[in-house]
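The chain contents come next:
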Amino acid sequence: DFDAALKIDPNFALAYNDRGAAYLKHDEPSKAIDDLSKAIKLAPTLSTAYSTRGSAYMVFGEYDRMISDYTRAIGLEPNNAGNYIGRARGHLIKGDLEQAPDDCNSAVNLDPEVEDYHVMRGWVYSFMGDPSRALLDFDEAIELKPDNAMTYVERGLQLMQMSYFPRAAADFDK
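All of the points below concern the structure found in this document. (Residues numbered from 1 in each chain as written. Predicted model: local features only at pLDDT ≥ 70, side-chain atom pairs only at ≥ 80, totals over all residues. Heavy atoms only, no water.)

## Details of helix H2 (residues 13-25)
Piece 1. Between its terminal C-alpha atoms H2 stretches 18 Å, which fits the 18 Å expected from 13 residues at 1.5 Å a residue.
Piece 2. Within H2, the full set of buried residues consists of Ala-13, Ala-15, Tyr-16, Asn-17, Arg-19, Gly-20 and Leu-24.
Piece 3. Those residues of H2 that are buried are in contact with helix H1 (2-8), helix H3 (29-42) and helix H4 (47-59).
Piece 4. Trailing H2 by a residue or two, Asp-27 shows a phi angle of about 60°, which is positive. (Helix = DSSP H or I, 4+ residues; strand = E, 2+ residues; numbered from the N terminus. Expected span 1.5 Å × (residues − 1). Buried < 20%, exposed > 50% of the residue type's maximum accessible area, 1.4 Å probe, protein only. Contact = heavy atoms within 4.5 Å.)

Listed below in structure tokens is the structure:
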């Protein structure tokens, strides 16, 4: 119980961090931001507090703050692929497509077996108007996780843009 832990030790940064993550998971982003900010104040090198707070800022459309927190998390934990994907998501949502591919590439290079990282990079290339590169990532994502129906839809959309209608229809049928 986080409240009990914080009653015993009101400077327990991990308790604030974990309670903040729980608040975010239960759709209470304001409380999450409050607790995660306390965790950061108590333990400024706790990278998960920054990344989780970045996700909470996304809920409110505060994308600059989201990107800033993910940037801090990357600085503290540069081998965490999820932090790069979080920052890429912020850039993508803002329409800042110049930064997003580099972050996606970093995530894929760090952990190439995660299907979601390929999907995110595929979305970025799709938004950049590069269906051929998007298609490569959706192909890889399907190879890694062939039971994800949404990835077939995304790949089908890229195939349609490339006028490969029979292949697109086959993906939509899956």
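## What about a nonpolar patch on the surface?
Piece 1. Among the surface-exposed residues, Leu-157, Met-160, Phe-165 and Phe-172 lie close enough to one another that they form a single nonpolar patch of about 360 Å² accessible area.
Piece 2. Residue placement: Met-160 occurs in helix H10 (residues 149-161).
Piece 3. Classification of Met-160 by relative accessible area gives partly exposed; the value is 37%. (Patch = residues over 30% accessible without salt bridge, like charges linked within 9 Å, V, L, I, M, F, W, Y side chains within 5 Å. Areas by Shrake-Rupley, 256 points an atom, 1.4 Å probe, with all protein chains shown as cover. Salt bridge = Lys/Arg side-chain N within 4 Å of Asp/Glu carboxyl O.)

## What about the nonpolar core?
As a rule of thumb, nonpolar side chains are buried together in soluble globular proteins.
Piece 1. Within the largest apolar cluster, 17 residues are counted, with the highest numbers of intra-cluster contacts made by Ala-32, Ala-39, Ala-49 and Ala-56.
Piece 2. In terms of residue count, the dominant contributor to this core is H3 (five residues).
Piece 3. Contacts of Ala-56, omitting those with residues within four sequence positions, involve Leu-24, Pro-29, Ala-32 and Ile-33.
Piece 4. Formed by 13 residues, the second largest nonpolar core is a distinct cluster that contains Ala-81, Ile-85, Ala-88 and Tyr-117. (Core = buried A, V, L, I, M, F, W, Y, C linked by side-chain atoms within 4.5 Å.)

## Structural notes on helix H9 (residues 131-144)
Piece 1. An ideal rise of 1.5 Å per residue puts 20 Å on 14 residues; H9 measures up with 20 Å between its terminal C-alpha atoms.
Piece 2. Along H9, the residues that are buried comprise Pro-131, Ala-134, Leu-135, Asp-137, Phe-138, Ala-141 and Ile-142. Each buried residue of H9 sits inside an arc of 165° when the element is viewed along its axis, so together they form one side. Seen from the buried face of H9, the exposed residues on the opposite side, beyond 90 degrees, are Leu-136 and Glu-143. (Arc of directions from axis to C-beta.)

## A few points about the pattern of salt bridges
Piece 1. Taken as a whole, this structure holds 11 salt bridges when the rule is applied.
Piece 2. Close ionic contact of Asp-69 with Arg-53 constitutes a salt bridge, the shortest N to O distance being 2.6 Å. Here Asp-69 is found in helix H5 (residues 63-76), whereas its partner Arg-53 is found in helix H4, with 16 residues between them in sequence.
Piece 3. Exposure remark for Arg-53: the relative accessible area of 13% places this residue in the buried category.
Piece 4. Across the salt bridge formed by Asp-137 and Arg-121, the nearest N and O atoms sit 2.8 Å from each other. Of the two residues, Asp-137 sits in helix H9 while Arg-121 sits in helix H8 (residues 115-127), which places them 16 residues apart along the sequence.
Piece 5. Judged by its relative accessible area of 3%, Asp-137 falls in the buried class.
Piece 6. Overall, Arg-121 belongs to the buried group, its relative accessible area being 14%.

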